[in-house]
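This is what each chain is made of:
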Amino acid sequence: MKLKFATLAILAGSLSGVACAAGEIVIKFSHVVAQDTPKGKAAEYFKKLAEERTKGKVKVQVYPNSQLYKDKEELEALQLGAVQMLAPSLAKFGPLGVKEFEVFDLPYLFDNYDDLHKVTQGPVGQQLLGKLDSKGIKGLAFWDNGFKHFSANKPLKSPADLKGLKMRIQSSKVLDEQMRALGALPQVMAFSEVYQALQTGVVDGTENPPSNMYTQKMHEVQKHMTTTAHGYLGYAVIVNKRFWDGLPADVRAQLDSAMRDATKYANDIAKKENDADLAKIAKSGKTAIYNPTPAEREAFKKTLLPVHAKMAERIGPALIKTIYQQTGFSAN
């Protein structure tokens, strides 16, 4: 892998900052989920708008399902210029050195999309995207997926039911602490490897919005899901900063316009898509879906809220306090 990226670095270094083919500006847009997820559909919608509004000056090539790069590889590929655009989950930026993004991994921080959008579509969201500049990355927008639920091959009706289970997580210190608070054993793993790991028992369970679970067929290898809605999974759409800054001003403005409309589209369909996929999982009969009672949900929340205080120094106490104020967060 080091050799692969060394080669990419040489190739990227030889580019002027704008990838061109036959006079076109080419944007390679890589992501790790299926084409029929909210992110996959939004990427295709952005492609359509970008090509229309630039009147063919820009060609967007979308590569879904880790066709080009897995989770750990894609950010490095972007920084090197091997791809121009990504939409990684927000948990990916902590390992990159921008720990503030891990605030989105805090369990039960957002009760709904309205509270979430007060952050992602407001000044705090813009400030967070701005922190990527120093990494050679330009942050363009936040795209929703949905709220995560726990799944495993046993019923999960209380926090104690997760004790000792090997649970797949993204590479996030907050998610690691979340699983440890439940007594589970966190297992960091690339998204593209999760289905097989669940199928073979390398891990016992995972956490995902229904759209990810259904489109990756994880429901075929998980017997139980509990609709805990304990955490949020969203994405930041990002581009290679050198590439973006090297675009003609009129093209950049057209792409900004396309991104604004693609973002509205992405966020409008997120809840609808997840609700529909949850219904498909239930209809399949392969995964039993359990809706916890208010008391059971409160037990999960009570177990997980201490993660906020434990991770405050890592994320930034002031940032967490600001989000509490903007959303009206209450521990009760």
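Each value, and the rule that gives it
Residues numbered from 1 in each chain as written. Predicted model: local features only at pLDDT ≥ 70, side-chain atom pairs only at ≥ 80, totals over all residues. Heavy atoms only, no water. Helix = DSSP H or I, 4+ residues; strand = E, 2+ residues; numbered from the N terminus. Rg over C-alpha atoms; globule rule 2.2 N^0.38 Å. Buried < 20%, exposed > 50% of the residue type's maximum accessible area, 1.4 Å probe, protein only. Arc of directions from axis to C-beta. Contact = heavy atoms within 4.5 Å. Polar contact = N/O pair within 3.5 Å; in protein donor to acceptor, adjacent residues only side chain to side chain. Axes fitted to C-alpha atoms, helices over the stretch in contact; angles between N-to-C directions. Parallel < 35°, antiparallel > 145°, perpendicular 65-115°, else oblique. Nonpolar A, V, L, I, M, F, W, Y, C, P; charged D, E, K, R; others polar. pLDDT = per-residue confidence, 0-100. Phe/Tyr/Trp six-rings, centres within 6.5 Å; stacked < 30°, edge-to-face > 60°.

Draft legend 1. The arrangement of the overall build of the chain in detail. The number of helices and strands found in the chain is 13 helices and ten strands. For 332 residues, the compact-globule estimate of 2.2 N^0.38 gives 20 Å, and the chain sits close to it at 20 Å. Counting only C-alpha atoms and orienting by the principal axes, one finds that the chain spans roughly 60 × 40 × 40 Å. Here the chain, with 332 residues, has 54% of them falling under the buried criterion.

Draft legend 2. Focus on helix α13 (residues 317-327). Buried within α13 are the following residues: Leu319, Ile320, Ile323 and Thr327. All buried residues of α13 fall inside an arc of 100° around its axis, so they share one side. For α13, the exposed residues set more than 90 degrees away from the buried face come down to Ala318, Lys321 and Gln325. Tucked inside the fold, the buried residues of α13 contact α4 (113-120), α5 (123-130) and α12 (306-315). Count one or two residues on from α13 and you reach Gly328, which has phi positive near 70°.

Draft legend 3. Seen up close, the side chain of Asp144. Topologically, Asp144 is positioned in strand β5 (residues 137-152). At 2.6 Å, the side chain of Asp144 and the side chain of His117 are in polar contact. Separated by 2.7 Å, the side chains of Asp144 and Tyr232 make a polar contact. Sequence-distant contacts of Asp144, defined by excluding residues within four places in its chain, comprise Pro38, Tyr113, Leu116, His117, Tyr232, Leu233, Tyr235, Ala266, Asn267 and Ala270.

Draft legend 4. How the structure looks around the packing of α12 against α13. Axis separation between α12 and α13 bottoms out at 7 Å; the angle between their running directions is 120°. The angle between α12 and α13 places the two elements in the oblique class. Residues His308, Ala312, Glu313 and Ile315 of α12 form the contact with α13, whose own contacting residues are Pro317, Leu319, Ile320 and Tyr324. Residue composition of the contact of α12 with α13, grouped by class: six nonpolar, one polar and one charged.

Draft legend 5. Representation of the confidence of the model for the chain. Looking at the chain as a whole, its pLDDT mean stands at 92, while 93% of the residues score no less than 70. Here residues 1-17 is modelled with pLDDT under 50, and outside its nearest four sequence neighbours on either side it reaches 22 contacts, counting other chains as well.

Draft legend 6. Summary view of the packing of aromatic side chains. On inspection of all chains with the given rule, the structure shows twelve aromatic pairs. Ring geometry for Phe104 versus Phe110: centroids 6.2 Å apart, planes at 25°, classification stacked. Grouping residues by exposure puts Phe104 and Phe110 together as buried. With 5.3 Å between their ring centres and 75° between their planes, Tyr113 and Phe147 make a pair best called edge-to-face.

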